[in-house]
Protein chains: 2
Amino acid sequence: MTTSLTLYDIPSTLPSKAWSPNIYKVRYVLNYKGLPHRTEWVEFPHIEGLYKRLGAQASATKPDGVAPHYTLPLLHDHSTGALVSDSAAIARYLDRTYPETPSVIPKGTDTFHYAFNDGLLSHFRVAALWRLTLAKTNSSLNPASQEYYRRTREASLLGGQRLEDAVPKGEEREKEWANLEEVFGKVDAWYGKGDRYVMGDVVSYADFTVSAWVMWFRTLFGEDSEEWKGVSRWHGGRWGALVKDLEKYETVL
Amino acid sequence: MTTSLTLYDIPSTLPSKAWSPNIYKVRYVLNYKGLPHRTEWVEFPHIEGLYKRLGAQASATKPDGVAPHYTLPLLHDHSTGALVSDSAAIARYLDRTYPETPSVIPKGTDTFHYAFNDGLLSHFRVAALWRLTLAKTNSSLNPASQEYYRRTREASLLGGQRLEDAVPKGEEREKEWANLEEVFGKVDAWYGKGDRYVMGDVVSYADFTVSAWVMWFRTLFGEDSEEWKGVSRWHGGRWGALVKDLEKYETVL
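Residues numbered from 1 in each chain as written. Chains lettered and ligands numbered in written order. Predicted model: local features only at pLDDT ≥ 70, side-chain atom pairs only at ≥ 80, totals over all residues. Heavy atoms only, no water.

Run through the nonpolar core, naming residues and quoting values.
In terms of nonpolar packing, the biggest core is built from 168 residues, with A:L72, A:F208, B:L72 and B:F208 touching the most fellow members. Those residues in contact with B:L72 that lie beyond four places of it in its chain are B:Y8, B:D9, B:I10, B:I23, B:V42, B:I47, B:L50 and B:Y51. (Core = buried A, V, L, I, M, F, W, Y, C linked by side-chain atoms within 4.5 Å. Buried < 20%, exposed > 50% of the residue type's maximum accessible area, 1.4 Å probe, protein only. Contact = heavy atoms within 4.5 Å.)

So, in structure tokens, the structure goes:
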């Protein structure tokens, strides 16, 4: 199989260079399926230009519901000419286009996958998550992306508050970590007691979505940080074990 | 197979006598599996006494997180002695105990079912739903249950407002119906375009949970009401078709 797939990603100054949970979901899928691909790096302010240069359609709209919102991941499949954005749409595209590779959204679980992702986001979209990650993410980006990231995230996720002012300190910080643990606990409660993966023994796209979010903390704070050790240990070590299990699929190509 | 299963339900003065969405979920499962059973009717204020008489454990707690909360459905399996409450727990119990009957939570979908239900409730638990249903539900109950239902629902779902005062009128009523349609739209968006059921062609417990909520409107307002006709037609007629498809499993035994 030749490398006919390009995954567009946003670079950081972190050792892994890659950092975005939504783009890691696609990387997991590509590696799990054994599909050779190449990562191309694009700074935030250049994403719109990339779409226009490639002639790709935006799959999302800005908060006004009208203006196109140009986001990564974007996958370019040179063998079919397809340009697909949105991580779940890419997973579905790859299942459909490469049926000889292991399916990540097994037959009969399509609606469940949508519901799972929706349920996951309804829990994860909490102030605690943004307050603990956004400032750290911004300072890990290249200067070329920082102004864009700051402006958009302050407006959309922090209600206009400055990234740095949203970072919780002292007791408040402990409280926000506890809030986040509680949020993860709601997701943990979905799993059958002995279940390692969402579907039991078989990996599916749902596992990649969970793991991509969890891994964000390892990426941002570092493998040896107290923060990552804490998250890994929550809920009987479920989250640390999941990221470890899927580590073999996170290689940046 | 002899009738060794008793399903405890709350009666109403409506033609179907049964009305509770959570209890219909179990009735759907019992009928789908072809498990003969008998419904026993219990008024709200007598549920706690029933649990104590049978020696059943409450599976929920009151908002204080400590005091046992005695709820229906409760299923008594006389052949095993099991007493199971909570509709999803009953579905799991019946799958496990009667493996020769069609499974409602197929292997590999247990976590998906939890997530689905959680996602569904996160959408459905909106003011519009309660404002459009609670007063009507209360006036459909027997007098023996009305004081209990009013007291608990006003406190837990209406923030102390009287049932009758919460009912939207005029333009506000249209707005609340539109709000509810939007909520159902979020669930509709989960489904694959041609999919009739959550898992495609195969019925699963997830369909029973959705249908039980939708059917509530038919039960409360009547088959020929404008309200039910409206709900049935939303989103390409998905909801009306679903209830119709599963009608054969809603018989009260």
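From this point, the discussion proceeds with the structure in view.
Go over the interface of chain A and chain B with me, naming the residues and quoting the values.
Residue-level contacts link 23 residues of chain A with 23 residues of chain B. Across the chain A to chain B interface the summed buried area is about 1800 Å²; carbon plus sulfur atoms make up 64%. For the interface between chain A and chain B, the tally reads zero salt bridges. The leading source of residues in the side of chain A that touches chain B is helix α4 (residues 110–124) of chain A, at eleven residues. Here the residues of the side of chain A that touches chain B sort into ten nonpolar, nine polar and four charged. (Buried area = accessible area lost by both parts, 1.4 Å probe. Salt bridge = Lys/Arg side-chain N within 4 Å of Asp/Glu carboxyl O. Helix = DSSP H or I, 4+ residues; strand = E, 2+ residues; numbered from the N terminus. Nonpolar A, V, L, I, M, F, W, Y, C, P; charged D, E, K, R; others polar.)

Give me the lowdown on the relation of the copies chain A and chain B, citing residues and values where you can.
Overlaying chain A with chain B gives an RMSD of 0.0 Å, the required rotation being 180° about an axis along which the chain moves by 0.0 Å. Each copy turns onto its partner about a two-fold axis. Judged by C-alpha distance, A:G119 is the residue of chain A that lies nearest the rotation axis, at 2.2 Å. A high fraction, 100%, of the interface residues of chain A reappear at the interface in chain B, so the copies pair face to face through one surface. (Least-squares fit on C-alpha atoms with pLDDT ≥ 70 in both.)

Describe the pattern of salt bridges, and please don't skip the residues or the numbers.
All names here are of chain A. Inspection of the entire model under this criterion finds 34 salt bridges over all chains. Here R92 ties to D110 by a salt bridge, and the two come within 2.7 Å at their closest N and O atoms. Taken together, the residues R92 in helix α3 (residues 87–97) and D110 in helix α4 connect sequence positions 18 residues apart. We classify D110 as partly exposed; its relative accessible area is 23%. By sharing partners, the salt bridges in this structure join R150, E154, R162 and E164 into a single network.

Please give an account of the packing of helix α8 (residues 170–188) of chain A against helix α10 (residues 226–246) of chain A that cites residues and values.
Two packed helices can be described by the angle between their axes and the distance between those axes. Residues and elements named next belong to chain A. One way to put it is that α8 packs onto α10 with a least axis distance of 11 Å and a crossing angle of 30°. Classified by the interaxial angle, the pair formed by α8 and α10 is roughly parallel. Between α8 and α10 the crossing geometry is right-handed. Residues R173, W177, L180, E181, F184, G185, V187 and D188 of α8 form the contact with α10, whose participating residues are E227, V231, W234, H235, R238 and W239. Looking at the contact of α8 with α10 residue by residue, the class counts come to seven nonpolar, two polar and five charged. (Axes fitted to C-alpha atoms, helices over the stretch in contact; angles between N-to-C directions. Parallel < 35°, antiparallel > 145°, perpendicular 65-115°, else oblique. Left-handed = near helix turned anticlockwise from the far one by under 90°.)

An account of the sheet that holds strand β1 (residues 5–9) of chain A is requested, with residue identities and associated values reported.
In a beta sheet, neighbouring strands pair by backbone hydrogen bonds and run either parallel or antiparallel. All names here are of chain A. Strand order in the open sheet made by the four strands is β2-β1-β5-β6, with mixed pairing throughout. The sheet terminates laterally at β2 (38–41) and β6 (83–85), the two strands that pair on one side only. Ignoring strand direction, the axes of neighbouring strands in this sheet form an average angle of 25°. For β1 and strand β5 (residues 74–77), the ladder comprises four bridges, and the chain directions are antiparallel. Looking across to β5, one finds that L5 is bridged to D77. Strand contacts of helix α1 (residues 21–32): β1, β2 and β5, with the helix running at about 155° to β1, the strand carrying the most contacts. (Pairing = 2+ DSSP bridges.)

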